[in-house]
Amino acid sequence: MITKKIKLEDSQEALGLLGEQDAVLRQMEREYGVELFLRQDPDSNELQLSIKGSNSRVDKALRRIRERLSALRRSVAPGAEPFEPLSLGATGLPEDGVYRSAFGKIVRPRTPNQQKYVDAIYKSELVFGIGPAGTGKTYLAVACALRALESRQVHRIVLSRPVVEAGEKLGFLPGDLYEKVNPYLKPIYDAFYNLLGPDRFRLWRDTEVIEIVPLAYMRGRTFEEAFIILDEAQNTTPEQMKMFLTRMGNGSRVVVTGDVTQTDLSDRSASGLVRIAQVLKGVEGISFHELTEEDVIRHPLVKKIIRAYDEWEKK
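Calculation criteria
- Residues numbered from 1 in each chain as written.
- Predicted model: local features only at pLDDT ≥ 70, side-chain atom pairs only at ≥ 80, totals over all residues.
- Heavy atoms only, no water.
- Salt bridge = Lys/Arg side-chain N within 4 Å of Asp/Glu carboxyl O.
- Core = buried A, V, L, I, M, F, W, Y, C linked by side-chain atoms within 4.5 Å.
- Buried < 20%, exposed > 50% of the residue type's maximum accessible area, 1.4 Å probe, protein only.
- Helix = DSSP H or I, 4+ residues; strand = E, 2+ residues; numbered from the N terminus.
- Contact = heavy atoms within 4.5 Å.
- 1 Å grid on protein atoms, 1.4 Å probe; cavity = no way out; pocket = protein on both sides within 12 Å on 5 of 7 lines; lining within 4 Å.
- Points joined across faces, edges and corners; volume = space filled by probe spheres on them.
- Nonpolar A, V, L, I, M, F, W, Y, C, P; charged D, E, K, R; others polar.
- Pairing = 2+ DSSP bridges.
- Axes fitted to C-alpha atoms, helices over the stretch in contact; angles between N-to-C directions.

Scanning the entire structure with this criterion turns up nine salt bridges. Several salt bridges share partner residues, and in doing so they unite Arg-156, Glu-211 and Arg-221 into one network.

We now examine the nonpolar core. Leu-146, Ile-157, Phe-192, Ile-210 and Phe-227 are the most contacted members of the largest nonpolar core, which has 37 residues in total. Elements with a contribution of two residues or more to this core: helix 4 (112–123), helix 5 (137–150), strand 7 (156–160), helix 6 (177–196), helix 7 (198–206), strand 8 (210–212) and strand 9 (226–230). In this view, Phe-192 contacts Val-142, Leu-146, Ile-157, Leu-159, Gly-197, Phe-201 and Ile-210; residues no more than four positions away in its chain are not counted. In this structure, Ile-228, Met-243, Leu-273 and Ile-276 belong to the second largest nonpolar core, which totals 21 residues.

Okay, the layout of surface pockets next. Computed from the structure, the largest pocket encloses a volume of approximately 510 Å³. For the lining of the largest pocket, the secondary structure elements donating two or more residues are helix 5, helix 6 and strand 10 (253–258). The element that contributes the greatest number of residues to the lining of the largest pocket is helix 6, accounting for four residues. Class assignment for the residues of the lining of the largest pocket results in six nonpolar, nine polar and seven charged. There is about 440 Å³ of room inside the second largest pocket. Looking at the second largest pocket, it is lined by 21 residues, and the ones nearest its centre are Pro-132, Asp-259, Thr-261, Ile-306 and Asp-310. Of all the elements in the fold, those that place two or more residues in the lining of the second largest pocket are helix 9 (272–279) and helix 10 (300–314). Take the lining of the second largest pocket: its biggest share by element is seven residues, from helix 10.

Further remarks concern the sheet that holds strand 8. Strand pairs in the sheet, formed through backbone hydrogen bonds, run parallel or antiparallel to each other. Taken in spatial order, the six strands make up an open sheet running 8-7-9-10-6-11, and their pairing is parallel. Unpaired on one side and paired on the other, strand 8 and strand 11 (286–290) mark the two borders of the sheet. On average, each strand axis in the sheet is tilted by 15 degrees relative to the strand beside it, whichever way the strands run. When strand 7 meets strand 9, the two strands line up parallel, connected through five bridges. Bridged to Leu-159 within strand 9 is Ile-229. Running at roughly 150 degrees to strand 10, helix 4 makes contact with strand 6 (126–130), strand 9, strand 10 and strand 11 of the sheet. Lying over the sheet, helix 5 contacts strand 6, strand 7, strand 9 and strand 10, oriented at roughly 170 degrees with respect to strand 9.

Below, the structure is given as structure tokens:
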């Protein structure tokens, strides 16, 4: 990580460069994966814009900021030169593409049923993706969330999971909140690492462009203009599911994912995901989408394992 600085002449120049309420500054942070800070030197009273991040990202952001600053000082309105995003994952995609990862991979639905799931996320404000492991329900939801964030449909992404142990007791976990819930949220982290790269994900997490909220900590909050993902929802109780769904604020979108066959609750029938399909049946604006073993995109053996368990349980 490095930090480079640019000297600004006055507050009017800062306003022209960074926009009202730092709108352009926040946009550049998201698109270049850097942190920007405007500070006034206490001794000289000079305004300085600091750019912090990896070498390559700082250099690219610095180059673009200097171009805008040069145009501003020539009395050319910065808006006359469009702010071109830097290889945004949400732009320049093929027709069936959802997102372009930090490593250049195009994320796209790989089965017709996955395509219907993605279409439902595009069209509905609240989507339930229900299906077995490996069907891409969480990964595609994360890709859609990043697409919505980078195309300005939402201002942040909120991730949540119920903290329920899968059969074993982890015991006391030291550290701060992120460290304590990290074992439970690691599968979602993996999706973001693959799509954003670890550096950009950590930056966005630290600046709360991406916010990690254990389900128990959501009570009393309202999330506006956010893309909210609740993963492993089969481990919620009906009361927790109701609490979560009522956190949705104006301009927000919600995707709830889970597998009703893999609940870690002692009473499977008490799962909020099992009950919610009955409670919200027929409510306009809500989409329920089921993925099956045919949509599994992991190792070919995963399909066979799921099928074997289904057959065994039927017997």
